[in-house]
Amino acid sequence: MNILLTSAGRRTYLVDYFKEALCMAGLTGLVHAANSENSPAFLAADQQVVTPLIYDPEYIPFLLDYCRKWEIELLVPLFDIDLPVLSRNKKAFSEQGTRVVAAEPAAIEICNDKWKTCKALQAEGILTPESWLDREAAIWAVKEGQAFYPLILKPRWGMGSLSVYQADDEEELRVFYGKICREIQGSYLKYEAAQQKEGCVLIQEKITGREFGMDVVNDLRGTCRAVVVKEKANMRAGETDAAITISSPELEQTGRHLSKLLGHPGNLDVDILESGGQYYVLELNGRFGGGYPFSHAAGLHLPYALVMWASGREPEEKALKAQAGVRAMKDIQILVQQ
């Protein structure tokens, strides 16, 4: 079985996990990495490919040709803006024998569009910070005592910590709102924001408290098979640097709820904050997130499960379980290209 990880970036650990998964499943094959030649994951992969940009008209034709040439059976996108493009083309890949591990377009839209995330969660009775798209509506809510500073401003279709600001008063809110609009147009986020240039900035109430991450694991049919909860101990640029796995029946139930709502295959990465004894879901990412290695360190082996499901077999139950109380940290290593 040959596997392609798109937008592999710095996720050398995922390349290694999938290599290990093939061995565990008793399969031969190569793990390929795309898209940029400056990706550290290229050095860990068996094969590397530089693709056209995701929004280039040649991106999908290029990948289809590549997957056909290399007999790719499993394609795993690892970047938010890659997900909707590949999801819309799943049928074309499937017809030539490549399974794309991505949710349906409607589910991906809920994850990528933070405003739709908020509305979908509210509709399901899941707590999430109060949010506004209209700058004047947020200012009015504060003046009416329905909201309070500080407020958080971020790109509606953003990811990581790109262009996220805290406004402590109305003046800062207006300044940061304009600043984010300009920064969006100068980054790759402009492609997503082009859908709706008015309302491309999300304003949210600030929730402070303990931070949690959650991996909601579905099989390739979209059935929930595991929920792993982690308390974050340290963050860097929007990504988890240290965490400990915990047992939380309440959050695990929320994970199963989200699994049913989205019906995604593979992983759903969830960010959560606890404040005053209540849990607020902040963001949903329909892919392997930066917190997955902590679940993996505790015993979960989703790459192996995906390989087994893709080959028509069922993984052992232990591969879908994570032990509570496992603390892990990310390290920095230097890879030298020969």
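These numbers were taken from a predicted model, which means no experiment stands behind them.

Asks: I'm lost on helix α3 (residues 59-70) in this one. Help?
Replies: Counting along an α-helix, one turn takes 3.6 residues, and residues three or four places apart therefore face a common direction. For α3, spanning 12 residues, the distance from its first C-alpha to its last is 16 Å, which sits close to the expected 16 Å at 1.5 Å a residue. Within α3 the residues assigned to the buried category are Y59, I60, L63, L64, Y66 and C67. Each buried residue of α3 lies within a common arc of 165 degrees when the element is viewed along its axis, so the set occupies one face. Within two residues after α3, E71 carries a phi angle of roughly 55 degrees, on the positive side.

Asks: Can you walk me through the pattern of salt bridges in this structure?
Replies: In a structure, side chains of opposite charge can pair up when their charged atoms sit close to one another. Here the structure, examined in full by the defined rule, presents 20 salt bridges. Between K116 and E109 there is a salt bridge, with the nearest N and O atoms lying 2.4 Å from each other. Residue class for E109 comes out partly exposed when judged on its relative accessible area of 33%. Here E314 ties to R225 by a salt bridge, and the two come within 2.3 Å at their closest N and O atoms. Highlighted residues: E314 in the loop between α13 (302-310) and β15 (327-329) and R225 in strand β11 (residues 224-236), separated in sequence by 89 residues. A relative accessible area of 41% places E314 in the partly exposed class. What makes R225 partly exposed here is its relative accessible area of 24%. Residues participating in the shared-partner salt-bridge network are R135, E136, K143, E170 and R174.

Asks: In this structure, what is going on with the sheet that holds strand β2 (residues 31-35)? I would like to understand it.
Replies: In spatial order, the strands read β3-β2-β1-β4-β5; together these 5 strands make up an open sheet with parallel pairing. The sheet is open, and its two borders are formed by β3 (47-50) and β5 (99-100), each paired with just one other strand. Here 3 bridges tie strand β1 (residues 2-6) to β2, and the two strands are oriented parallel to one another. From the neighbouring strand, L5 faces β2, where its bridge partner is A33.

Asks: I'm lost on α13 in this one. Help?
Replies: Extensive coverage of α13 is indicated by the burial of 8 of its 9 residues. Buried residues of α13: L302, P303, Y304, A305, L306, V307, M308 and W309, and no others. A positive phi of about 80 degrees marks G312, the residue just after α13.

Asks: Can you help me understand the side chain of H301 in this one?
Replies: Residue position: H301 is located in the loop between α12 (292-297) and α13. Overall, H301 belongs to the buried group, its relative accessible area being 8%. A distance of 3.2 Å separates a polar side-chain atom of H301 from the backbone nitrogen of Y304. When neighbours within four sequence positions are excluded, H301 is seen to be in contact with Y17, E20, A21, M24, Y292, H296 and A319.

Asks: Which parts of the structure should I look at to understand the state of the cysteines?
Replies: Disulfides are covalent bonds that link the sulfur atoms of two cysteine residues. One pass over the structure, following the stated rule, counts 0 disulfides. Unpaired in this structure, C181 has its nearest cysteine sulfur neighbour in C200, at a distance of 4.2 Å. Unpaired in this structure, C224 has its nearest cysteine sulfur neighbour in C111, at a distance of 14 Å.

Asks: Sorry if this is basic, but what is going on with the packing of helix α6 (residues 105-112) against helix α7 (residues 114-123) here?
Replies: Helix packing for two helices is described by the angle between their axes and how far apart those axes are. Where α6 meets α7, the axes come as close as 5 Å, and the angle between the chain directions of the two elements is 105 degrees. As far as their axial angle goes, α7 and α6 are roughly perpendicular. Together, E109, I110, C111 and N112 of α6 and K114, K116, T117 and A120 of α7 make up the contact between the two elements. Grouping the constituent residues of the contact of α6 with α7 by class yields 3 nonpolar, 2 polar and 3 charged.

Asks: Would you mind going over empty space enclosed by the protein with me for this structure?
Replies: If a probe the size of a water molecule is rolled over the atoms, the empty space left behind becomes visible. The final tally for this structure, using the stated rule, is 3 cavities of 30 Å³ or more. Estimated volume of the largest cavity: approximately 70 Å³. In terms of lining, the largest cavity is formed by V76, P77, L83, V101, P265, G266, N267, G286, R287, F288 and L306. Elements that contribute at least two residues to the lining of the largest cavity include exactly β4 (72-77) and β13 (266-275).

What counts as what
- Residues numbered from 1 in each chain as written.
- Predicted model: local features only at pLDDT ≥ 70, side-chain atom pairs only at ≥ 80, totals over all residues.
- Heavy atoms only, no water.
- Helix = DSSP H or I, 4+ residues; strand = E, 2+ residues; numbered from the N terminus.
- Expected span 1.5 Å × (residues − 1).
- Buried < 20%, exposed > 50% of the residue type's maximum accessible area, 1.4 Å probe, protein only.
- Arc of directions from axis to C-beta.
- Salt bridge = Lys/Arg side-chain N within 4 Å of Asp/Glu carboxyl O.
- Pairing = 2+ DSSP bridges.
- Polar contact = N/O pair within 3.5 Å; in protein donor to acceptor, adjacent residues only side chain to side chain.
- Contact = heavy atoms within 4.5 Å.
- Disulfide = S-S within 2.5 Å.
- Axes fitted to C-alpha atoms, helices over the stretch in contact; angles between N-to-C directions.
- Parallel < 35°, antiparallel > 145°, perpendicular 65-115°, else oblique.
- Nonpolar A, V, L, I, M, F, W, Y, C, P; charged D, E, K, R; others polar.
- 1 Å grid on protein atoms, 1.4 Å probe; cavity = no way out; pocket = protein on both sides within 12 Å on 5 of 7 lines; lining within 4 Å.
- Points joined across faces, edges and corners; volume = space filled by probe spheres on them.

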